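Okay, here's what each chain looks like letter by letter:
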Amino acid sequence: MNNQEIILDVKNLNTSFISDRKQVDIVKSVSFQVKRGTTLSVVGESGCGKSVTMNSIMRFLGSNARVSADNIQYNALRDGEITEYHLETYKKSNGPEMRALRGPDMSMVFQDPMSSLNPVYKVGDQVAEGLIQHTGMGKKEAREKVLELFRKLGIPDPESRIDCYPHQFSGGMKQRVVIAIAMICNPELIICDEPTTALDVTIQAQIMELLKDLQVNEGKSIVLITHNMGLVAEMADEVCVMYMGRVVEFGSLEDVFDHTSHPYTKALLRSVPVLGLADGQILETIPGITPNPADIKGGCDFADRCPDCTERCRQGVIPAFEIAKGHRVRCLKYDSFPEVNG
Amino acid sequence: MSENKEVIFRIKNLKTWFPITKGAFKKVVGNVKAVDGVGLDIYKGETLGIVGESGCGKSTFGKTVMMLEKPTDGQVEFNFGGEFKDITKFTKDEMFEFRKKVQMVFQDPYSALNPQKKIYTSFEEPLKVHGVKTEAEREKIMQQVLKMVNIQPDYLMRYPHEFSGGQRQRLCIARALEVMPEVLICDEPVSALDVSIQAQVLNLMKYIQRDMKLTYLFIAHDLSVVQYMADRIMVMYLGKVVEVADSKALYEKPMHPYTKALLSAIPVPDIHTTKKRQILEGEVPSPINKPAGCAFHNRCPQCMEICKTKDPDMIRDQGGEHMVACHLYSGGKDQ
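Criteria and cut-off values
- Residues numbered from 1 in each chain as written.
- Chains lettered and ligands numbered in written order.
- Predicted model: local features only at pLDDT ≥ 70, side-chain atom pairs only at ≥ 80, totals over all residues.
- Heavy atoms only, no water.
- Patch = residues over 30% accessible without salt bridge, like charges linked within 9 Å, V, L, I, M, F, W, Y side chains within 5 Å.
- Areas by Shrake-Rupley, 256 points an atom, 1.4 Å probe, with all protein chains shown as cover.
- Salt bridge = Lys/Arg side-chain N within 4 Å of Asp/Glu carboxyl O.
- Lys, Arg positive; Asp, Glu negative; His and termini not counted.
- Charge placed at Lys NZ, Arg CZ, Asp CG, Glu CD.
- Helix = DSSP H or I, 4+ residues; strand = E, 2+ residues; numbered from the N terminus.
- Buried < 20%, exposed > 50% of the residue type's maximum accessible area, 1.4 Å probe, protein only.
- Pairing = 2+ DSSP bridges.
- Contact = heavy atoms within 4.5 Å.
- Axes fitted to C-alpha atoms, helices over the stretch in contact; angles between N-to-C directions.
- Parallel < 35°, antiparallel > 145°, perpendicular 65-115°, else oblique.
- Left-handed = near helix turned anticlockwise from the far one by under 90°.
- Buried area = accessible area lost by both parts, 1.4 Å probe.
- Polar contact = N/O pair within 3.5 Å; in protein donor to acceptor, adjacent residues only side chain to side chain.
- Nonpolar A, V, L, I, M, F, W, Y, C, P; charged D, E, K, R; others polar.

Colleague: An account of a negative patch on the surface is requested, with residue identities and associated values reported.
Modeller: Where like charges cluster on the molecular surface, the negative patch consists of Asp237(A), Glu254(A), Asp258(A) and Asp270(B). Looking at the element boundaries, Asp237(A) is found in the loop between helix H8 (229-235) and strand S10 (238-243). According to the relative accessible area criterion, Asp237(A) is partly exposed, its value standing at 33%.

Colleague: I'd like a description of the pattern of salt bridges, backed by residues and values.
Modeller: Across all of its chains, the model carries 31 salt bridges over all chains by this definition. For Arg246(A), the salt bridge is made with Asp301(A), and the minimal N-O distance between the two is 3.6 Å. Remark: Asp301(A) occurs in the loop between helix H10 (263-270) and strand S12 (320-324) and Arg246(A) occurs in strand S11 (residues 246-252); sequence separation between them is 55 residues. We classify Arg246(A) as buried; its relative accessible area is 17%. A cluster of three or more residues bridged by salt bridges with shared partners is formed by Asp36(B), Lys240(B), Lys290(B) and Asp311(B).

Colleague: Requested: an account of the sheet that holds strand S8 (residues 215-219) of chain B, with residues and values cited.
Modeller: Residue and element names in this part refer to chain B. Sheet architecture is open: eight strands sit in the order S6-S7-S8-S3-S9-S10-S12-S11, paired in mixed fashion. Bordering the open sheet on either side are strand S6 (102-105) and strand S11 (315-316), each of which pairs with just one other strand. Pairing analysis gives four bridges linking S6 to strand S7 (residues 183-187), with the strands arranged parallel. Bridged to valine 105 within S7 is cysteine 186. Contacts between helix H1 (residues 58-65) and the sheet are confined to strand S3 (47-51), S6, S7, S8 and strand S9 (232-237), with S8 contributing the most and set at about 150° to the helix. Packing of helix H9 (residues 257-265) onto the sheet brings it into contact with S9 and strand S10 (240-246), and relative to S9 it is tilted by some 105°.

Colleague: Quick rundown of the packing of helix H5 (residues 165-177) of chain B against helix H6 (residues 195-212) of chain B? Include the residues and the values.
Modeller: All names here are of chain B. Contact geometry of H5 with H6 gives a least axis separation of 10 Å together with a crossing angle of 20°. Accordingly, the angle class assigned to the pair H5 and H6 is roughly parallel. The handedness of the crossing between H5 and H6 is right-handed. Taking contact as the criterion, the partners of Gly166, Gln169, Arg170, Ile173 and Leu177 in H5 are, on H6, Ile197, Gln200, Val201, Leu204, Met205, Ile208 and Met212.

Colleague: How would you explain the interface of chain A and chain B if you had to name every residue and give the values?
Modeller: Listed as interface residues are 42 residues of chain A and, on the opposing side, 38 residues of chain B. Across the chain A to chain B interface the summed buried area is about 3,400 Å²; carbon plus sulfur atoms make up 61%. Remark: the boundary between chain A and chain B carries zero salt bridges. Linking chain A to chain B there are 10 residue pairs in polar contact (both at pLDDT 80 or more). Every element with two or more residues in the side of chain A that touches chain B is listed here: helix H6 (171-183), helix H7 (201-218), H8 and helix H9 (253-258) of chain A. The biggest single contributor to the side of chain A that touches chain B is H7(A), with seven residues. Residue composition of the side of chain A that touches chain B, by class: 20 nonpolar, 13 polar and nine charged.

If you want it as structure tokens, here you go:
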């Protein structure tokens, strides 16, 4: 695949945090690619490193984080031409190179709309800030742009809402404002970190429809971080399942849902209550708890909770195997297939 | 459900309003009508699921049934061994007895256990209060309830921070079970937990219910979780009940437009179902200035003229088990 098709290419990303003079590895040799104009869903339970992975790419982590990678390549497509950016070479997380990219090229929507807006600024000014910063546009012109975007995102009565403060908005409307901030500079790649976890289901449906719209009609590439398997099934083109900082399964939506291969993904899909379960049917559970990332033993991280665990699973680093084209699974059950990076 | 349906709670026209005051004299200028005229019977041994979006009054309803919130109007009658007593008029002593019968599990297991006290101390307190005199007896009960929730008895000497979220929620359930209650009110017991842990806790709650013949009031915003747990489901919108039905009937044949929309908004983890999404416009109106007529009319896809002026009454279908408050089904039509 060439740079035209791939918008983000991550190879062997490692992130660790220094805590109490101890190094705790949170993200371990993660590799994935995001195809242009598609949605990649990153799923996993809390603490599996899905948010840290994306924050490592965007360089949003604190000073106690250590990020290293073989390659974090962002391919911008401007007027039919590809420009490559190698994010891993940028020394400073807040240097001019990163700041130039955040906003016009890649941007992020955060989980909690209640706390990602500044309560003492009008929402219109908060949305316009990025535009003024990046394009040097005048305030008046920027305001017009913001109004236009508000209309597109379905914020009712934008002319009066633009001068409101965040507390005057409901949760769903705040999340639309946050999406507007991410969208205002017209980025190609939008990373959404659990955009609807704090919202009600009916509002979640509205926001998801909006994101789907942006992807289909404007060709945006979306990375959707979530723990809701239902949302994945509805939104994703490709799925990346993470457990304890590693990608355990990666593949197309059909690969992951119809040919579910990793024991963790299987268990995860079966433990979700779905509507219309038969009477008296009991949910399957995953025994045990997710281990503490600070005291990881060797071998497969899922070994203690896995029904198919063997002696071999407890030693060394488990490689990933490609069981079908583009479908990789980190599990020794599939060791007859070719080993791949990731 | 159980054939001989014995009623344990009889709730009539329950209202919990929070006054909004203004000025130095605290003049009441309005009311937040969190629970606004809920009437319902709760049967012994059943699980009644309560669903609705945030702000619909489901938690306030649970708290009012437990008398943690004083109702503005209406009655809650509790079955004390065959005799119904109105708990809204209880004295302190009567309330004490009532609390032994009805216990609550809260949403956030991280804040429901005192971080400075050992589990032992937290567990001992309700037993002391409710008159288990000797230490040996208290310990026996503690061991018993811990066994029920699959936590090793020697963990009693630990502090809450040493437990994971799922374990903490199990501890909270165990503590509620100590006084051998008849009813357990669970306010979003699994929404703070991960999916794999959520399933553990849900199954555990099912087993405990079977063993202790408990009645559950299961409050949650996740319809699929409620459908898994509940025998009957009550759907709330802006403080009012819009539909009550057997959980299977509600899923297979929802009647109220709001229930239909709520069901269709749930993302299904199956890539082969092609579901026609029905997306609701707008948001839940404020419970202070409720719209006139049916509270749902401004978002309802099937809104009629009458909906804008007249609040619909609760209609029962033939069996009397499926109740819905919607004008679509009034006017003599038998659904």
